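In case you want the letters, here they are:
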Amino acid sequence: MSAIKTILVIGTYDTKDQELNYVADCIKKLGGNVISMDVSVLGDPSQPTDISKHEVTAAIGKTIDEASNAGDENLAMQIMASGASTLCARLCAEGRIDGMIALGGTMGTDLALDCARALPIGIPKYVVSTIAFSPLIAPDRLSADIQMILWAGGLYGLNDICKATLSQAAGAIYGAALAVEPPDPDRPVIGMVSFGSSALHYMVHLRQPLIDRGFSVAVFHGTGMGGMALESLAEQGYFAAVLELAVAEIGNLMVGSVVNAGANRMTAAGRLGTPIIAAPAFGDMIDFATWQPVPERFRDRPYHAHNRLLASASLSADERRELAREVAHRLQQSKGPVHFVLPTQGIHAWDVEGMPAHDPEALAEMVDEYRKVMVDPIELSVLDCHINDLAFSEKVLEVIDRWIADGTIKMTW
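Just so we're clear, the structure is a prediction, and the values are computed from it rather than from any experiment.

What counts as what
- Residues numbered from 1 in each chain as written.
- Predicted model: local features only at pLDDT ≥ 70, side-chain atom pairs only at ≥ 80, totals over all residues.
- Heavy atoms only, no water.
- Axes fitted to C-alpha atoms, helices over the stretch in contact; angles between N-to-C directions.
- Helix = DSSP H or I, 4+ residues; strand = E, 2+ residues; numbered from the N terminus.
- Parallel < 35°, antiparallel > 145°, perpendicular 65-115°, else oblique.
- Left-handed = near helix turned anticlockwise from the far one by under 90°.
- Contact = heavy atoms within 4.5 Å.
- Nonpolar A, V, L, I, M, F, W, Y, C, P; charged D, E, K, R; others polar.
- Buried < 20%, exposed > 50% of the residue type's maximum accessible area, 1.4 Å probe, protein only.
- Arc of directions from axis to C-beta.
- Salt bridge = Lys/Arg side-chain N within 4 Å of Asp/Glu carboxyl O.
- Pairing = 2+ DSSP bridges.
- Phe/Tyr/Trp six-rings, centres within 6.5 Å; stacked < 30°, edge-to-face > 60°.
- Expected span 1.5 Å × (residues − 1).

A. Focus on the packing of helix α4 (residues 73-93) against helix α5 (residues 106-117). Look at α4 against α5: their axes get within 8 Å of each other, and the N-to-C directions meet at 30°. Classified by the angle their axes make, α4 and α5 are roughly parallel. With respect to the hand of their crossing, α4 and α5 are arranged in right-handed fashion. Residue-level contacts link E73, N74, M77, M80, A81, A84, S85 and C88 of α4 to M107, D110, L111, D114 and C115 of α5. Its residues assigned to classes, the contact of α4 with α5 shows eight nonpolar, two polar and three charged.

Structure representation (structure tokens):
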């Protein structure tokens with residue numbers, strides 16, 4: 001592999017010509033090569049780019065006139081985004097780029113998110129954005145390993161503050177391209193959703209036994225971004241099996257919490273037929289930001305401030321039943337096998353006697369609803385234990401062993 005890396009630089013060269021050329025120059029000073037891509041609709045760059053806006057639209061069988069005559073800037077940029085992301089995937093497949101960096105405000109960021117999702121994990125993807133980390137960016141628009149930096153003072157024109165951001169970004173993308181070890185798993189990968197080991201123990205019980213069976217194990221934090229990353233990789237067919245053992249992101253989505261992974265959560269693996277083992281961990285809590293006021297509808301409920309970022313309140317019995325139905329609905333769409341493991345004595349460390357989230361009556365109603373809705377083609381196992389008991393993890397391993405034996409889980413990768 002060449003020590004000199006090639007970075008794709010994407011942006012609207014009609015409005016951000018100076019900034020984009022500055023980034024390219026920074027990369028070149030570091031010893032890298034640049035391929036420039038213009039995604040402008042109306043104006044032209046000060047000098048020709050390696051990939052013109054005409055080539056961008058041609059990639060999807062359109063012309064720049066169709067974009068400029070769309071009558072709506074949103075529609076026009078969606079045309080450019082489709083063409084740009086198509087070209088990103090093509091350049092990557094041809095081995096012509098080692099990373100991507102894109103600059104933008106809301107328009108450019110919208111396009112850049114599509115370009116990043118077109119690239120596989122392990123290809124560095126960096127977005128310099130005036131709205132980085134903003135709630136305007138939906139979780140399901142993000143790729144699993146996207147990097148972002150807030151573009152301070154970057155709305156219009158090159159300046160000293162802007163240069164500080166852009167030079168860091170150029171160094172970051174080129175350094176990432178030099179340093180990255182792209183995943184090339186020589187063993188099948190299992191994706192697992194969990195929360196911290198103080199709340200859920202199964203990842204501690206499961207990880208080493210799964211490794212001993214020949215798997216690579218990736219554990220995703222079920223706080224919105226983690227579920228998004230798992231979903232993104234599941235779409236790429238990255239997993240031999242997925243352990244959807246925590247469902248809080250679905251509950252958060254249902255009640256309108258920002259701590260969610262998007263509307264398509266818990267669907268990608270099923271669409272591809274990837275085997276799924278699921279469970280109801282944290283399916284009784286609603287998460288919200290600690291630094292915001294407690295939502296009014298949850299102020300009279302048991303409450304736990306996990307830290308200065310994240311807090312949780314309990315769901316009612318009716319809400320738990322509703323969540324069980326929603327989880328079942330999503331799992332029933334799966335083209336591959338699904339096994340649901342249902343512990344009846346609690347679903348996280350705060351759901352035990354003496355803890356504020358312990359509600360035996362609501363737990364019983366939730367268990368009852370899962371019993372009703374987890375029907376064919378879903379296979380259901382009901383265990384008289386807590387989810388943190390070793391018996392729960394042993395059941396998960398029992399299902400995995402059976403699926404390995406009958407070929408449901410492929411051990412050749």
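The discussion continues.
B. Molecular detail of helix α7 (residues 202-212). Within α7 the residues assigned to the buried category are Y202, M203, L206 and L210. Seen from one end, α7 has its buried residues packed into an arc of 80°, which puts them on one side. Exposed residues on α7 whose side chains face more than 90 degrees from its buried face are V204 and D212. On its buried side, α7 packs onto β6 (189-194), β7 (216-221), β8 (241-246), β9 (276-281) and α13 (390-405). Phi turns positive one or two residues past the end of α7, at G214, with a value near 105°.

C. Looking closely at the pattern of salt bridges. Under the definition given, this model contains 23 salt bridges. For K53, the salt bridge goes to D44, with nearest N and O atoms at 3.2 Å. Taking the relative accessible area as the measure of exposure, K53 reaches 6% and is therefore buried. For R301, the salt bridge goes to E319, with nearest N and O atoms at 2.6 Å.

D. View of the sheet that holds strand β5 (residues 147-150). One open sheet accounts for five strands, arranged β2-β1-β3-β4-β5; its pairing is parallel. Because the sheet does not close on itself, it has two edges, and the strands there are β2 (33-38) and β5. Between one strand and the next, the sheet's axes are offset by a mean angle of 20°, whatever the strand orientation. Relative to β5, strand β4 (residues 125-129) runs parallel, the two being bridged by four bridges. Among the inter-strand pairings, S129 is bridged to a residue of β5, identified as L150.

E. Just the sheet that holds strand β11 (residues 303-305), in detail. Strand order in the open sheet formed by three strands is β10-β12-β11, with antiparallel pairing between adjacent strands. Of all the strands in the sheet, the pair left with one neighbour each is β10 (285-289) and β11. Neighbour-to-neighbour, the strand axes of the sheet open up by a mean angle of 20°, direction not taken into account. As paired strands, β11 and strand β12 (residues 310-314) are joined by three bridges and run antiparallel to one another. Note on β12: the bridge partner recorded for Y303 is A313.

F. The packing of aromatic side chains, seen in detail. Inspection of every chain in the model, using the stated rule, returns seven aromatic pairs. Each ring, one from F220 and one from F239, has its centre 6.0 Å from the other, and the planes form 90°; the classification is edge-to-face. With F220 in strand β7 and F239 in the loop between α8 (225-235) and β8, this residue pair connects regions lying 19 residues apart in the sequence. We note that F220, like F239, is buried. Each ring, one from F282 and one from W350, has its centre 5.3 Å from the other, and the planes form 85°; the classification is edge-to-face. Taken together, the positions of F282 in the loop between β9 and β10 and W350 in the loop between β13 (338-343) and α12 (360-373) put the pair 68 residues apart, joining distant regions of the chain. When sorted by exposure, F282 lands in the same class as W350, which is buried. Following the ring pairs from residue to residue traces out a cluster consisting of F195, F282 and W350.

G. Geometry of helix α1 (residues 17-29). Compared with an ideal rise of 1.5 Å per residue, which puts 13 residues at 18 Å, α1 spans 18 Å between its outermost C-alpha atoms and is within 8% of the ideal. Looking at α1, one finds that the buried residues are D17, E19, L20, N21, V23, A24, C26 and I27. On its buried face, α1 sits against β1 (6-11), β2, β3 (99-104) and α6 (160-179). One or two steps after α1, the chain reaches G31, where phi turns positive at roughly 100°.

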